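Remarks on the overall topology
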Amino acid sequence: MIQDYEAGTSTYELAERYKVRRNTVRDTLRRAGFDVSGRANRPIMNEQQKAEARELFTAGATRRDLSARYGVSESTIKRAVAQQ
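Residues numbered from 1 in each chain as written. Predicted model: local features only at pLDDT ≥ 70, side-chain atom pairs only at ≥ 80, totals over all residues. Heavy atoms only, no water.

**Comments concerning the overall build of the protein chain**
In terms of helices and strands, the protein chain carries six helices and zero strands. Its helices and strands taken in sequence order, the protein chain reads α-α-α-α-α-α from the N to the C terminus. Summarising its shape, the C-alpha atoms of the protein chain cover approximately 40 × 25 × 20 Å along the three principal directions. Looking at the protein chain as a whole, 26% of its 84 residues qualify as buried. In the protein chain, the proportion of contacts linking residues at least 24 apart, taken out of those at least 6 apart, comes to 42%. As displayed, the protein chain offers around 6,200 Å² of accessible surface, 46% of which is attributable to carbon and sulfur atoms. Computed over 16 positive and 11 negative side-chain charges, the separation of the two mean positions in the protein chain equals 6 Å. (Helix = DSSP H or I, 4+ residues; strand = E, 2+ residues; numbered from the N terminus. Buried < 20%, exposed > 50% of the residue type's maximum accessible area, 1.4 Å probe, protein only. Contact = heavy atoms within 4.5 Å. Areas by Shrake-Rupley, 256 points an atom, 1.4 Å probe, with all protein chains shown as cover. Lys, Arg positive; Asp, Glu negative; His and termini not counted. Charge placed at Lys NZ, Arg CZ, Asp CG, Glu CD.)

**Points about helix α6 (residues 74-82)**
All of the buried residues along α6 are T76, I77, A80 and V81. Looking down the long axis of α6, one finds its buried residues gathered within 125° of arc, a one-sided arrangement. Summarising the geometry of α6, the exposed residues directed more than 90 degrees from the buried face are R79 and A82. (Arc of directions from axis to C-beta.)

**Some words on the packing of helix α5 (residues 63-70) against α6**
It is the contact of α5 with α6, at a shortest axis distance of 8 Å, that shows an interaxial angle of 105°. Our classification of the angle between α5 and α6 gives roughly perpendicular. Each of R63, R64, L66, S67 and Y70 in α5 lies in contact with α6, whose residues at this interface are E74, I77, K78 and V81. Classifying every residue of the contact of α5 with α6 by side-chain character gives four nonpolar, one polar and four charged. (Axes fitted to C-alpha atoms, helices over the stretch in contact; angles between N-to-C directions. Parallel < 35°, antiparallel > 145°, perpendicular 65-115°, else oblique. Nonpolar A, V, L, I, M, F, W, Y, C, P; charged D, E, K, R; others polar.)

Put into structure tokens, the structure is as follows:
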């Protein structure tokens, strides 16, 4: 779990991957010395990337594909493609 977090996996994704509650993930990471308090190092998408993601999603790309392409979480992609 620690290695996945260091590689950029979000606490939400870790909870799903390891089939535990998100609180369990955060507690584990805190005990390992990580600051999981907020938006410290989350990758973001600029407006051009969001527009491109919307086009690709409309053309049939999955949120998972787009997540890997842009290096952000699937929830970030979900919000980006929902914007108009």
